[in-house]
Amino acid sequence: MKLQTHRFLYLLLLVIIISVRVDAQVTVGSNLTPLDGALLDLKQNDNINSNSTKGLLNARVYLIGLDKMDPCIKTEDLQPGDKEAHIGLLVYNITDSLEVGLCPGLHVWDGIQWVRLPEPCYNPLDPELINSPNCYIVPPNGGVSEEIPVGKPYLVWEQRSDLGTFDDKAKVFVDLIWQDKKDLIEKVELSTGDKGGFSKFKVTTKAGSTEGNALVGIHIGPNGDATDPIYWSWHIWVTGFDPDATSYTHDNGEATYIFMDRNLGAVKMDSGAAPSEPYFEDAMGLLYQWGRKDPFTASASFYNDPDIRELYDINNNVLTEQNEFDFSGVSGSGIRHVEVAANTTSNLKNSIQNPTTYYYGEYKSSFPPFDWFTSDDTGAGGDNSLWAESGKKSMFDPCPAGWRVPAYSSASKSPWVKFESVGWNPAPNVTKAGTGGGYGIGLMLNAYPSSSRTELGFYPYGFERIARQFYKPGSVGSQTGAVAGGLFTYSIEVSNPTGYYWTATPKTGESSARAEVINYSPFEGPVVSATTASRSMGASVRCVKDQ
């Protein structure tokens, strides 16, 4: 009887427990009644005010997107009404990605997306910034650039595994790296203030300034000044030139190209014509290693032994180029020359963070092609996409917005194929420009109606920067000593004026890329021909419209 009574009481108690409303208010950690508005009241003691030395530890979750419930509910498992039913779901997100717009912090689901508390996380950077230009045209004489977005390196670093990582929450600082004319740049400043990857900067040229070129860098790091590493840099082309106003349309038989009328970085030019000879050196423009976005100066002179040009900081202090016999890579406050270290598989990060360093290969008597990207002389370790990304303008292309480095239209046809010499015959209807040295200062690529060839204007000669360490010749049959790569060659050009022009087309599986060479031969006259050249050589760029 007593046993049956106990069973009845237990059963009655169980019914009462089950009958309690599941939404009853509860206090955890105290005997106090929960506050009226609280379903769950957490306390550690019975104090009215401070009542705990602990907190609520929320579930920590790797969310995968602002509008996705994964991993709380996998996308493939979502049922109709699930998103609405989970309004108010609270998690601590630990995903930190600019690409998907998530950063660490408490996030609540609002039925459509995750909302960060107490304030929104940053929005994702515009993915199109990854192909934003590396060159901006700014007018001289007090001109002001457009607002230039800083976000590009943040996206590039996320995409390229060979660049490693950096702190995308670190401070941002912008400054002038060099200018090639005194009193060219008045100031460089963050127009938005420091907003991390969302920062923008402006460049202002000095009142009364002439045309020229400059390089501006973004430093990202803990100090917020120039002591932090450079993570990107932009070429500022200070000129009144409007590339859309004066250009040449040319059909090579397979594709139509719209060419600029001058080299990238050229100044003091009349549209479509050779400059007066005292200004010839400014028509050379700038030189580029294949696949790099940052320019190097051309020779200060063509007719005599080539010489370096002076560069200047924002205060007009001279930035010296490294002594040609110094192989340490540390002399010079401007352009330096550094041999690519042995066993280097990707030199890309070094090239970005050291935009004034010219990377070259070790001396080899046969002078095979060399690629600054890797120490692998076979070319197997190179990156063919740096200037040739699936037929479109790449993230490292050096041309301004709307323009790109020209590419071959097919495996055998260069953009200039209709001008190319055949055999020992001179280039058809190509003439020398100017009278300097008897060979002129470049070639005029004229129209040739019988072959449906339209003109492409003036192409200046120019000393290329050499790809490897070499030996500077002395008197006949002698050498004066080893010279660091990245200096100018001159022994041939003085008697056979030459200019190299890059295309975006690599020579697959090799350390070279396709280029066009112009020269004036004492035997053949003007010559235009397709060639291949070391990717670490410094050559000119003639941009074409990005179509």
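Here the structure is a predicted model, which is why all the values come from computation and not from measurement.

## Side note on helix 3 (residues 152–159)
Owing to its 3.6 residues per turn, the α-helix brings residues three or four apart onto one side.
Piece 1. Most of helix 3 is tucked away: six of the eight residues are buried.
Piece 2. Buried within helix 3 are the following residues: Lys152, Pro153, Tyr154, Leu155, Val156 and Trp157.
Piece 3. Of the surrounding elements, those touching the buried residues of helix 3 are strand 9 (171–179), strand 12 (212–221), strand 13 (230–238) and helix 5 (348–353).

## A closer look at the packing of aromatic side chains
Piece 1. Applying the stated criterion across every chain, the model contains 16 aromatic pairs.
Piece 2. For the pair Phe259 and Trp416, a centre-to-centre distance of 5.6 Å together with 45° between the ring planes defines the contact as tilted. Taken as a pair, Phe259 in strand 15 (residues 256–260) and Trp416 in the loop between strand 22 (403–404) and strand 23 (430–433) lie far apart in primary sequence, 157 residues in all. By the burial criterion, Phe259 is buried, and Trp416 matches it.
Piece 3. Aromatic side chains Phe296 and Tyr358 sit 5.1 Å apart centroid to centroid with 70° between the ring planes, which places their arrangement in the edge-to-face category. Taken as a pair, Phe296 in strand 17 (residues 296–297) and Tyr358 in strand 21 (residues 357–360) lie far apart in primary sequence, 62 residues in all.
Piece 4. By relative accessible area, which is 1% here, Phe296 ends up buried.
Piece 5. The exposure class of Tyr358 is buried, given its relative accessible area of 0%.
Piece 6. Seen from the ring of Trp232, Lys293 lies directly overhead, with NZ or CZ sitting 4.5 Å from the centre.

## Comments concerning the state of the cysteines
Piece 1. Tallied over the entire structure, the rule returns one disulfide.
Piece 2. Cys399 shares a disulfide with Cys543; S-S distance 2.1 Å. Its S-S torsion of approximately -95° makes the covalent link between Cys399 and Cys543 left-handed. Of this pair, Cys399 sits in the loop between strand 21 and strand 22 while Cys543 sits in the loop between strand 31 (538–539) and strand 32 (544–545), and the two are 144 residues apart along the sequence.
Piece 3. The exposure class of Cys399 is buried, given its relative accessible area of 0%.
Piece 4. By relative accessible area, Cys543 is classed as buried at 0%.

Procedures and definitions
- Residues numbered from 1 in each chain as written.
- Predicted model: local features only at pLDDT ≥ 70, side-chain atom pairs only at ≥ 80, totals over all residues.
- Heavy atoms only, no water.
- Buried < 20%, exposed > 50% of the residue type's maximum accessible area, 1.4 Å probe, protein only.
- Helix = DSSP H or I, 4+ residues; strand = E, 2+ residues; numbered from the N terminus.
- Contact = heavy atoms within 4.5 Å.
- Phe/Tyr/Trp six-rings, centres within 6.5 Å; stacked < 30°, edge-to-face > 60°.
- Lys NZ or Arg CZ within 6 Å of the ring centre and 35° of its normal.
- Disulfide = S-S within 2.5 Å.

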